[in-house]
Protein chains: 2
Amino acid sequence: MTYAQNLRCRECSRDYPLAALHVCDFCFGPLEVLYDDDGIKASVSRKTIASRPANLWRYREFLPCDADTAINIGAGFTPLIHAKNLGKALGLPNLYIKNDTANPTWSFKDRVVAIASSRARELGYEKLACASTGNLANSVSAHAAAAGMEAVVVIPNDLEAGKVLGSSIYSPTLVKVAGNYDAVNRLCAELAGTRNWAFVNVNVRPYYAEGSKTLGYEVAEQLGWRAPDHCVVPIASGSLFVKIRKGLNEFAKAGLIDEPHTRMSGAQATGCSPVATAWAEGSMNFRPQRPDTIAKSLAIGNPADGYYSLVQLKETNGACASVSDDEIVAGMKLLAETEGIFAETAGGVTIASVKQLAAAGRIDPDELVVAFITGAGFKTAEAVADSLGPALEIDATVESFEAAYEDREGVPA
Amino acid sequence: MTYAQNLRCRECSRDYPLAALHVCDFCFGPLEVLYDDDGIKASVSRKTIASRPANLWRYREFLPCDADTAINIGAGFTPLIHAKNLGKALGLPNLYIKNDTANPTWSFKDRVVAIASSRARELGYEKLACASTGNLANSVSAHAAAAGMEAVVVIPNDLEAGKVLGSSIYSPTLVKVAGNYDAVNRLCAELAGTRNWAFVNVNVRPYYAEGSKTLGYEVAEQLGWRAPDHCVVPIASGSLFVKIRKGLNEFAKAGLIDEPHTRMSGAQATGCSPVATAWAEGSMNFRPQRPDTIAKSLAIGNPADGYYSLVQLKETNGACASVSDDEIVAGMKLLAETEGIFAETAGGVTIASVKQLAAAGRIDPDELVVAFITGAGFKTAEAVADSLGPALEIDATVESFEAAYEDREGVPA
């Protein structure tokens, strides 16, 4: 069972049934899932949640599909680590890393796809499709396989090899488009009008988007049932950024945590920074950009939730950073060398942004800060492969080792 | 605190202190950690364990180092999935997959290294070293980074690119040896005698080996506090294979589960199958082999726990499969296409072995079977890259999509 009641337009508040709909027929506003909040509050407790398996279905009352028949490949409940070394380096003693690389297909997209695929199957769809910068294609392909559905995943033709292989292995229909993500996204929006398929981020987007809020639930539970003071979140479409806060607010509404006063800050690559640019200019209207950055999973030049991201930055007294490609690579290495976490380029954006915001005084050293790492580094191996140190090449003898090692020790690191 | 009392020789039962020792001075038998079993039993309960964070330190009473000061990057408590689709394909309705690809460095080695690195730091070591076929090097590099220790990782020079990069990112001293794993291992055994470093799988091996038993604890807890009927485990050194059963036995001794009657079966690649070959010949003495298989993480021709693995196969009425490189790739694809899990070559060995053992009647269809997937598929991308289907290449128009898709639909899959 689910406490979802209907879809509601975020702009004009018109209601719609829980179908494969995503845009208001009247005002073109986005549709969101509306729940029976009282029913949720009456049925959940910290204790029942804590007693359930370590995946996102432990929050079943807050989700828009039946958890008993859901597609569960183990998404969610990833580690939250107190990043003491990195925190020391950045002057943030209470810095935590939410490590979503430890998901079944090694990115946070397993959260949104778990929900979207489950709801799509409930609605009778046999094909699961998406426009993707790579991580989403991996997750859609994997969940469709587990669900016994067919997958059609549409990606730009310049993606990293790891992200392509990470879809192919599940045998979807893989479509490479000569164009960037925004072109791929437009194409899928058109196809959603003619094909009776569930496009996870088009016609079933209201359900899909709900997956991201589980990051808010998890962080609150893992901190001992409290909201963080400050979150730093990478912004691509902006959906993740706004849904994490939605999760915190819903937990408060259900009486599981106190009212959150969490500051929400964003992280973008300078090469695709429509939200950060608008924020820096003090504008609530972003201008679409043509992306040019190594952070391809964030390369959405015309973000669907860009406006709502700007609203949230303002409402929560957050800030939005933008960082260069060199800073991204440095951020990936800093995270790996201090905390043993190998993030993809988007994670480099997040860490470099935390650094930038801390240095600028936009993060208070006393705050409990959570930085969200959304995908695994092997997926974007190309971005760092050339900037890593060389190996010592030796024969299988102690003498050969000693010679190479002493030689290496003589060289300043 | 810890309930570890001393080290004890598995052969002659002589006792040693909890130092960096791994071999008995008298009989050259392997040393194992001995615990205060009564103390453990008096202090643990299902409830206290279940109330703790979702990582392997939830089993702190059973581990040989102080969990409060341990190096925790989030290893353990990975998903256990009821593999209904794969089970149907193999005639095993109660087949489960323990998915250890969802670890911080995406293999089960995070378990053993979490323990070894924590104990090494307790013992005052500043450098963490290992001989590795790749996954271990990744995990040692990551844990050393988080621990503020230096890492020296020694690997064969023919490893997959993903496994090399997966170490380099953490900036260890990376040493590539012209030789196979057995040569690398011999070299590190020699170096352990002259360097005052903690070699995780040499001088601190007794602590290291304890990490694997957490897989037994987790599976039992995740099944609702019961042991599985049958486990299928890949055999490299054999340590994982014997320690999973040790975990189940310890849980029973502590009163957390009933006495296990778990059958333990092994999985090897035919190209490196010393245990499977001895088993097929009805011998308790394996002959070392020169490995030649794509399953490089299992390519240990002279396994340290080979004899104990054979003993366990006999004691538990298990069986040991060996599978070809083609079967390994087919196993990887089968797992991905049915359950949405992308395993490395070792996982292909496990799935192909489950298939072989089920077909031969060595696994009973009524048994609750757990197959252990120990590492993520992107680490061995080379093994499958050439055998995956091609993508459709299109322009960013509906017409281009329709043409390519209809064309594809006309072709039998």
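Side note on the interface of chain B and chain A
Residue-level contacts link 67 residues of chain B with 67 residues of chain A. Across the contact surface, chain B and chain A share 6 salt bridges. In this structure, A:Arg408 engages B:Glu150 in a salt bridge whose closest nitrogen and oxygen atoms are separated by 3.7 Å. Where chain B touches chain A, the interface holds 22 residue pairs in polar contact (both at pLDDT 80 or more). Looking at the side of chain B that touches chain A element by element, the count peaks at 7 residues for helix 16 (residues 398–410) of chain B. Partitioning the side of chain B that touches chain A into residue classes produces 39 nonpolar, 14 polar and 14 charged. With 4 bridges joining them, strand 14 (residues 392–395) of chain A and strand 8 (residues 173–178) of chain B adopt parallel strand pairing.

So, the relation of the copies chain B and chain A
For the pair chain B and chain A, the superposition axis carries a translation of 0.0 Å, the fit reaches an RMSD of 0.0 Å, and the rotation angle comes to 180°. With respect to symmetry, the two chain copies, as superposed, fit the operation of a two-fold axis. Across chain B, the rotation axis passes nearest the C-alpha of B:Ala102, at a separation of 2.3 Å. A symmetric contact is evident, with 100% of the interface residues of chain B recurring at the interface of chain A.

Thoughts on the state of the cysteines
Considering all chains together, one arrives at 0 disulfides over all chains under this definition. Left without a disulfide partner, A:Cys27 is nearest to the cysteine sulfur of A:Cys9, which lies 3.4 Å away.

Regarding the packing of aromatic side chains
Using the criterion set out here, one finds 31 aromatic pairs over all chains in the structure. A ring pair is formed by A:Tyr307 and A:Tyr308, whose centres lie 5.5 Å apart and whose planes are at 70°; its orientation type is edge-to-face. An aromatic cluster is built from A:Trp106, A:Tyr170, A:Phe342, A:Phe378, B:Trp106, B:Tyr170, B:Phe342 and B:Phe378, whose rings are joined through pairwise contacts. The cationic tip of A:Arg119 hangs over the ring face of A:Tyr207; the distance from NZ or CZ to the ring centre is 5.3 Å.

Comments concerning the environment of A:Asp366
Along the chain, A:Asp366 turns up in the loop between helix 14 (345–359) and strand 13 (369–373). Other than its neighbours up to four places away in sequence, A:Asp366 contacts A:Asn94 and A:Asp229.

About the cut-offs
- Residues numbered from 1 in each chain as written.
- Chains lettered and ligands numbered in written order.
- Predicted model: local features only at pLDDT ≥ 70, side-chain atom pairs only at ≥ 80, totals over all residues.
- Heavy atoms only, no water.
- Contact = heavy atoms within 4.5 Å.
- Salt bridge = Lys/Arg side-chain N within 4 Å of Asp/Glu carboxyl O.
- Polar contact = N/O pair within 3.5 Å; in protein donor to acceptor, adjacent residues only side chain to side chain.
- Helix = DSSP H or I, 4+ residues; strand = E, 2+ residues; numbered from the N terminus.
- Nonpolar A, V, L, I, M, F, W, Y, C, P; charged D, E, K, R; others polar.
- Pairing = 2+ DSSP bridges.
- Least-squares fit on C-alpha atoms with pLDDT ≥ 70 in both.
- Disulfide = S-S within 2.5 Å.
- Phe/Tyr/Trp six-rings, centres within 6.5 Å; stacked < 30°, edge-to-face > 60°.
- Lys NZ or Arg CZ within 6 Å of the ring centre and 35° of its normal.

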